[in-house]
Each structure stands twice: as C-alpha cells, then as structure tokens.
Amino acid sequence: MFEVIGSRASRAFRVLWMLEELGLEYTHHPVAPRSEKVMAANPSGKIPVLMVHETALTDSVAIMTFLADKHAALTFPAGSTERALQDGLTQQINDEIDAVLWMAAKHSFIFPEKHRVPEIKTTLMWEYERSIGRISDKLQGPFLMGQSMTIPDIVLCHCLRWAEMAKFPNSSEKINAYRSALEARPAFTKTVELP
C-alpha cells in the first residue's frame, strides 16, 4: 500500500489520480505544505510525498514515473522511442505550462507582497497561450500520445484546471474537448471527490 501526503488542491492531485487510474490501494493524508507530517517526510516541506515503505518519494512527475514503470501502465517502455516522445511531452508541459502557472501563482499570492510583480501576469498569459497552441498542434488522438493515455495527459489536464482557476486564457475547442474527455474518466471523478 502507498501513502500519499499532500492536499488534493496541489500537485498531489496528479499522484492521486494516477493511483486511481491504476486501481491501487493507498492512504491519503490531505495536509498542507510545510505541515508537521510533510516536514517529517520531506524537509523541504513540499508536496506531494509518496511513502513507499520507509522511502519518501518527492516531485509529482517523478512519483508518477515510478508508479507507471512499476506497474507497466500509463507509460511506454523505458528505452523505446515512444517513451522518449512521452518524456519530451512531459518536460514540455512542465517547462512551458506548469512553470508559467507557478510563476503567476508566486506573483499573485505566494511571494511576500513586497516581492510580487503583478504586471508579469500579462506576459505569462501570453506565454501560456503560445505554449498551449503548440501542445494543441501535437494532439492527434484522444490522448497526447495517440491512442494511449500516459503521464503527460494527467499533468496537462491538471495544468488546464489550474489555468482556469487562475483566469488564464481559455484554450482552443480541441484542447477543451480533450480536457472534458479526461475529466469524464471515473478515476478523475473519484479523485475530485477526495477530501
């Protein structure tokens, strides 16, 4: 059994959704960053943390990659060209979409007020819109990798939800339909209903 530490209203959502997709048993501790439970497992105070026996795994994408490899699901085999393409998509989403949304959050409510630059959000929205356009151009099947749902689908769908909450530009009809199909999955619905 796995133990997930971190509030669903964070990148822990990705890990929880993946566990639901894989049909794995887990215990969830819906705690905030830097809470006592988080600090005991991860001295940086960041979430999510996945406890595997006595080992604390951190970073949502690293945790998802571990789970996918361990259970041979939601991923292509390591060493295949498909896996290289999948990993490239994951990194593109992290670099061009997740990082932009995170920067906007830092300048909206995370940084101390005297260190925020609210005007940066306009540039970040422009960058986000360009990046989503590039992802949309690559979307050929029901999933980013065609017929197979993989890690980057979970990461991108989570980012699209985050962007909507942050009032970033609405995506194309193609991306919105893609997101709706992912959000209709039973595992997604179950994750949304978690505390």
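Provided above is the structure to which this section pertains.
To start, this report covers the structure provided alongside it. (Residues numbered from 1 in each chain as written. Predicted model: local features only at pLDDT ≥ 70, side-chain atom pairs only at ≥ 80, totals over all residues. Heavy atoms only, no water.)

Points about the packing of aromatic side chains
Right, so step 1: Counting across every chain of the model gives five aromatic pairs.
Right, so step 2: When the ring of Phe13 is compared with that of Trp17, the centres are 6.2 Å apart and the planes differ by 70 degrees; the resulting orientation is edge-to-face. One end of the pair, Phe13, and the other, Trp17, are both in helix 1 (residues 12–22), four residues apart, so they sit about a helical turn from each other. Just as Phe13 is buried, Trp17 falls in that class too. (Phe/Tyr/Trp six-rings, centres within 6.5 Å; stacked < 30°, edge-to-face > 60°. Helix = DSSP H or I, 4+ residues; strand = E, 2+ residues; numbered from the N terminus. Buried < 20%, exposed > 50% of the residue type's maximum accessible area, 1.4 Å probe, protein only.)

Thoughts on the sheet that holds strand 1 (residues 2–5)
Right, so step 1: Strands sit in the order 2-1-3-4 across an open sheet of four strands; the sheet is mixed. At either end of the open sheet lies a strand with only one pairing partner, and these are strand 2 (26–29) and strand 4 (55–58). Across this sheet, the average inter-strand angle for adjacent strands is 25 degrees, counted without regard to direction.
Right, so step 2: Strand direction decides the pairing type here: strand 1 and strand 3 (residues 49–52), joined by three bridges, are antiparallel. When the sheet's bridge partners are listed, Val4 is paired in strand 3 with Leu50. (Pairing = 2+ DSSP bridges. Axes fitted to C-alpha atoms, helices over the stretch in contact; angles between N-to-C directions.)

Examining the layout of surface pockets
Rolling a probe over the atoms, with the probe sized like a water molecule, indicates the empty space that remains.
Right, so step 1: Its boundaries defined by the atoms lining it, the largest pocket holds a volume of some 1100 Å³.
Right, so step 2: Lining the largest pocket are 33 residues; nearest its centre among them are Ala9, Ser10, Arg11, Trp102 and Trp162.
Right, so step 3: At the level of elements, helix 1, helix 3 (60–71), helix 4 (81–110) and helix 6 (151–165) are the ones that each hand at least two residues to the lining of the largest pocket. (1 Å grid on protein atoms, 1.4 Å probe; cavity = no way out; pocket = protein on both sides within 12 Å on 5 of 7 lines; lining within 4 Å. Points joined across faces, edges and corners; volume = space filled by probe spheres on them.)

Worth remembering: the numbers are spatial, not functional.
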